[in-house]
Amino acid sequence: RDARHRLAERSMMRCCSRRNAAVCLTIVSSLLAVHVAAAAEPVALTVVDETQKAHAFSAEDIGKLPRQQLTVEDRNGNEHVYEGPLLADLLKAAGLALGSELRGSRLKLYATITAYDDYSVVYSLAELDPTNSESVFLLADRRDGKALEPEEGPFRLIVPSEKRRARWVRQIKTIAIAKAAMTDD
């Protein structure tokens, strides 16, 4: 038996009397089944498009996107190699129109990128589009050949052209696309 089953049995024995042991075993088994099912293919990141439709991506889905590597210096001057897909490739996988289709009123679209601690930053969609900007936006999932540490990942935005790293979001959970409310001049 694996460690989870042994832990569940020990917990059950501690908290259950003989009379209700069967009920406790059923509850613990159900909780384990739910946990295992949820862990099978967890959502790692969600992109919400401008119509409010959510597009859930697992780490495996994101790992299948074309990959890039960027070498950047940390605050101490040490070089690190980050790897992952371009953010634009993830947005395209979510069905967002970029490139020549990003024109007119679609230029009012922006992305709010939010971390698990609710830290958020904003980029215009035109800024994120490689056909519009020289900047590179890497959705990193690896650093120096290893998966990102929990305090940094599972995904981190790397933007080498930015002088300050205030918008290099760690622990990204959602990317929400919306249209800026503009007043007529």
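Here we summarise the structure given alongside this text. Note that the structure is a prediction, hence the values are computed from the model and not measured.

Rules used throughout
- Residues numbered from 1 in each chain as written.
- Predicted model: local features only at pLDDT ≥ 70, side-chain atom pairs only at ≥ 80, totals over all residues.
- Heavy atoms only, no water.
- Core = buried A, V, L, I, M, F, W, Y, C linked by side-chain atoms within 4.5 Å.
- Buried < 20%, exposed > 50% of the residue type's maximum accessible area, 1.4 Å probe, protein only.
- Contact = heavy atoms within 4.5 Å.
- Pairing = 2+ DSSP bridges.
- Helix = DSSP H or I, 4+ residues; strand = E, 2+ residues; numbered from the N terminus.
- Phe/Tyr/Trp six-rings, centres within 6.5 Å; stacked < 30°, edge-to-face > 60°.
- Polar contact = N/O pair within 3.5 Å; in protein donor to acceptor, adjacent residues only side chain to side chain.

## A word on the nonpolar core
- The biggest cluster of nonpolar side chains holds 41 residues, and the ones touching the most others in it are Leu90, Leu91 and Ile175.
- Discounting residues that sit within four places of it in the chain, Leu90 has contacts with Leu45, Val47, Phe57, Ile62, Leu65, Leu139 and Ile175.

## A few points about the sheet that holds strand E4 (residues 79–84)
- With antiparallel pairing, the four strands of this open sheet are ordered in space as E3-E4-E8-E9. Both edges of this open sheet fall to strand E3 (68–73) and strand E9 (146–147), since each of them pairs with a single strand only.
- In the sheet, strand E8 (residues 142–143) pairs with E9 via two bridges, with the strands oriented antiparallel. For Arg143, the partnering residue across the bridge sits in E9 and is Lys146.

## A word on the packing of aromatic side chains
- As enumerated under the stated definition, the model contains one aromatic pair in all.
- Seen from their ring centres, Tyr123 and Phe137 are 5.1 Å apart, and the 80° between their planes marks the pair as edge-to-face. Separated by 14 residues along the polypeptide, Tyr123 in strand E6 (residues 120–124) and Phe137 in the loop between helix H5 (125–128) and strand E7 (138–140) bring together distant segments of the chain.

## Brief notes about the pairing of E4
- Here E3 pairs with E4 via six bridges, running antiparallel. Along E4, the bridge assignment pairs Val72 with His80.
- Hairpin connection from E3 to E4: five residues lie between these consecutive antiparallel strands, with Gly77 at a positive phi of about 85°.
- Bridge count for E4 against E8 is two bridges, and the pairing is antiparallel. Among the inter-strand pairings, Glu83 is bridged to a residue of E8, identified as Arg142.

## Thoughts on the side chain of Asp141
- Tracing the chain through its elements places Asp141 in the loop between E7 and E8.
- Assessed through its relative accessible area of 14%, Asp141 is described here as buried.
- Side-chain polar atoms of Asp141 contact the side chain of Arg67, separated by 2.5 Å.
- Leaving out residues up to four positions away in the same chain, Asp141 has contacts with Arg67, Glu83, Gly84, Lys146, Ala147, Leu148, Pro154 and Phe155.

## Digging into the side chain of His55
- Counting through the fold element by element, His55 comes out in strand E2 (residues 54–57).
- Within the structure, the side chain of His55 is placed 2.9 Å from the side chain of Asp49, a separation counted as a polar contact.
- Polar side-chain contacts of His55 include one of 3.2 Å to the backbone oxygen of Ala94.
- Those residues in contact with His55 that lie beyond four places of it in its chain are Leu45, Thr46, Val47, Asp49 and Ala94.

## Some remarks on the environment of Val72
- Mapped onto the secondary structure, Val72 falls in strand E3.
- Separated by 88 residues in sequence, Val72 and Pro160 place their C-alpha atoms 6.8 Å apart.

## Re the environment of Arg170
- You can see Arg170 is positioned in the loop between strand E10 (156–158) and strand E11 (172–179).
- By relative accessible area, which is 43% here, Arg170 ends up partly exposed.
- Linking Arg170 and Arg156, residues 14 residues apart in sequence, is a C-alpha distance of 4.4 Å.
- When residues no more than four places from it in sequence are discounted, the contact partners of Arg170 are Ala115, Glu151, Glu152, Phe155 and Arg156.

So, to be careful, I would describe these as geometric facts and stop short of saying anything about function.
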